[in-house]
Amino acid sequence: MKENEVPQDKSNLSTVNLKELCYAVDENGEYTTALSTGWEPKTIALENSIQDINERIEIAKQNVKNGIVSPVVYFMEVHKMDWVTLSDYVGMWQWRVKRHTKPNVFKKMSEKQLKKYADAFDISIDELKNFKGE
Amino acid sequence: MQTNFTHHQSAHCENGVASNLLKFHGININEPMVFGIGSGLFYFYLPILKVNHAPAISYRPMPGSIFNKAAKRLGIKVKRVKFSNNLQAQKALEENLNNNIPTGLQVGVYNLTYFPDEYRFHFNAHNLVVYGKENNTFLISDPVMETVTTLTDKELEKVRFAKGALAPKGQMYYPIHIPTDLNWENAIKKGIKNTCNDMLAPVPIVGINAMKWVAKDIRKWPAKKGVKVANHYLAQMVRMQEEIGTGGGGFRFIYAAFLQEAAVILKNEKLKEFSTEMTIIGDMWRDFAVNAARVYKNRSNQTDVYNALADELLVIAAKEETFFKNLKKAI
């Protein structure tokens, strides 16, 4: 990549005025560094990820509403977590966390257990318990 | 309290932290040199492991490996400490700052407040330096940022004790011994040899072989997983490849910069040609990203576009195979 080819596309970085450093060759063939505001293929890839997460959140919301899963799944998606991450945050085995996504099991959970999830999601126990998918 | 530390921006966080910490200790080492001696160029594919709901493709070695290898090869001793207790972790850090020791930390990205929201994922192998504390605010040098920034006690505790894969467990690290005489020639040679061996490793999940395996799987994705998932996989691959200076093209250019410098230190003119060649390979990785982006943007559902991408990846793999075989001989 030549110095004048360092991409200056619009990206999510520009919103916070962040530029990333790139290595590129100057006109004499010597390596130098230049700042980039963003690059379109990367922006599209990131948008794809965000869109994917939003779809997962929407599906989780519908499933909570229809009584298929507990609010744990919804908040897990909102926080971009997977089973490994969530079970580590609440300090429980994955199979237990997965059990807690069943609405019937969720209803019977103790305050102490709920607190662990509420803390992991940075919300109150009430917010967690009363989320109805609306 | 504030240490006399200078912030330099870098393309990749671990290189940057290593280079900035060593510069503080009077060693003039830039990012490409750390990356080259520390054998930062890598490739890894493990499809049964899923990251962000896509197969794990990594363009970098395990976190900490670049700095550890670079330090070891230069005879520098680095101390690393992990903690189980949040308060102890903060106390140890503050003690270091009181003793005028800027300290590197492994942190999770998800709660880094100064990052744009879209970049905050559960990625736990980010690196930064804490170089001081004022009231209850830590002074932070994050090498991928243009300037220094700050985090409060609470914010820093959250990122140091982020959970999930590769959880940092409050890990902090800093050089404790620096030899008076640094043997650059030897370190550079060791670094290059290690990278050649990694990329040519005779196992399917590492280096050139892993690239070939990815190419094989790309052909299968649309039929096996459907176009939507195939496109998601591709998008994740490009993110791993080019995000914040890590991976494909970005890493190749850093490596090319390293080879250019190594040519002067080792007085080996041939390495300059290798540098030029690596720049060309870097450009090929970037073209691959552009073409992959076209596929997942247009949502084209012909199997041919995936085959074309797989072919392109195979060309790159073949080129790198020749490159590293020759580089190994030239050292």
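What counts as what
Residues numbered from 1 in each chain as written. Chains lettered and ligands numbered in written order. Predicted model: local features only at pLDDT ≥ 70, side-chain atom pairs only at ≥ 80, totals over all residues. Heavy atoms only, no water. Helix = DSSP H or I, 4+ residues; strand = E, 2+ residues; numbered from the N terminus. Rg over C-alpha atoms; globule rule 2.2 N^0.38 Å. Buried < 20%, exposed > 50% of the residue type's maximum accessible area, 1.4 Å probe, protein only. Contact = heavy atoms within 4.5 Å. Areas by Shrake-Rupley, 256 points an atom, 1.4 Å probe, with all protein chains shown as cover. Lys, Arg positive; Asp, Glu negative; His and termini not counted. Charge placed at Lys NZ, Arg CZ, Asp CG, Glu CD. Buried area = accessible area lost by both parts, 1.4 Å probe. Salt bridge = Lys/Arg side-chain N within 4 Å of Asp/Glu carboxyl O. Patch = residues over 30% accessible without salt bridge, like charges linked within 9 Å, V, L, I, M, F, W, Y side chains within 5 Å. Phe/Tyr/Trp six-rings, centres within 6.5 Å; stacked < 30°, edge-to-face > 60°. Lys NZ or Arg CZ within 6 Å of the ring centre and 35° of its normal.

**Student:** When you look at the overall build of chain B in this model, what are you seeing that I'm missing?
**Tutor:** From N to C terminus, chain B includes eleven helices and eight strands. The C-alpha atoms of chain B give a radius of gyration of 20 Å, which matches the 20 Å a tight globule of 331 residues would have. In terms of overall dimensions, chain B has C-alpha extents of about 60 × 45 × 30 Å along its principal axes. Taking all 331 residues of chain B together, the buried fraction comes to 59%. Put simply, 70% of the contacts in chain B that link residues at least 6 apart link residues at least 24 apart. Looking at chain B as shown, the accessible area adds up to about 13400 Å², and 52% of this sits on carbon and sulfur atoms. When the 41 basic and 29 acidic side-chain charges of chain B are each reduced to a single mean position, those positions are 8 Å apart.

**Student:** Help me understand the interface of chain B and chain A in this model?
**Tutor:** In many analyses, interface size is given as the accessible surface area lost on bringing the parts together. Listed per partner, the contact involves 50 residues of chain B and 40 residues of chain A. Both sides of the chain B and chain A interface together cover about 3900 Å² of buried area, and 56% of this is carbon and sulfur. By the criterion of area lost to chain A, the three top residues of chain B are H122(B), K163(B) and R286(B), representing 14% of everything that side buries. Remark: the boundary between chain B and chain A carries three salt bridges. One salt bridge in this structure joins E40(A) and K297(B), with 3.7 Å as the shortest N-O distance.

**Student:** In this structure, what is going on with a nonpolar patch on the surface? I would like to understand it.
**Tutor:** Taken together, the side chains of L49(B), V51(B) and M240(B) make up a nonpolar region of the molecular surface, amounting to roughly 220 Å² of accessible area. A residue is classified by how much of its surface remains accessible, and M240(B), at 32% relative accessible area, is partly exposed.

**Student:** Would you mind going over the packing of aromatic side chains with me for this structure?
**Tutor:** Ring pairs (aromatic) are described by centroid distance and by the angle formed between their planes. Applying the stated criterion across every chain yields a total of 20 aromatic pairs over all chains. Taking the centre distance of 4.9 Å and the plane angle of 90° together, the rings of Y43(B) and Y59(B) count as edge-to-face. Residue Y43(B) is found in the loop between α2 (31–37) and β1 (44–51), and its partner Y59(B) is found in the loop between β2 (54–58) and α3 (65–74); the two are separated by 16 residues along the sequence. When the centroid spacing of 5.8 Å and the interplanar angle of 85° are considered together, the rings of Y59(B) and W285(B) count as edge-to-face. Within this pair, whereas Y59(B) is found in the loop between β2 and α3, its partner W285(B) is found in helix α10 (residues 270–298), the two being separated by 226 residues in sequence. Comparing Y59(B) with W285(B), the two get one shared label, buried. Ring pairs connect the aromatic residues Y74(A), F75(A), Y117(A), F121(A) and F131(A), which therefore count as one cluster. The ring of F121(B) carries K80(A) above its face, with NZ or CZ at 4.6 Å from the centroid. Here R286(B) stacks its cationic end above the ring of W39(A), 3.9 Å away from the centre of that ring.

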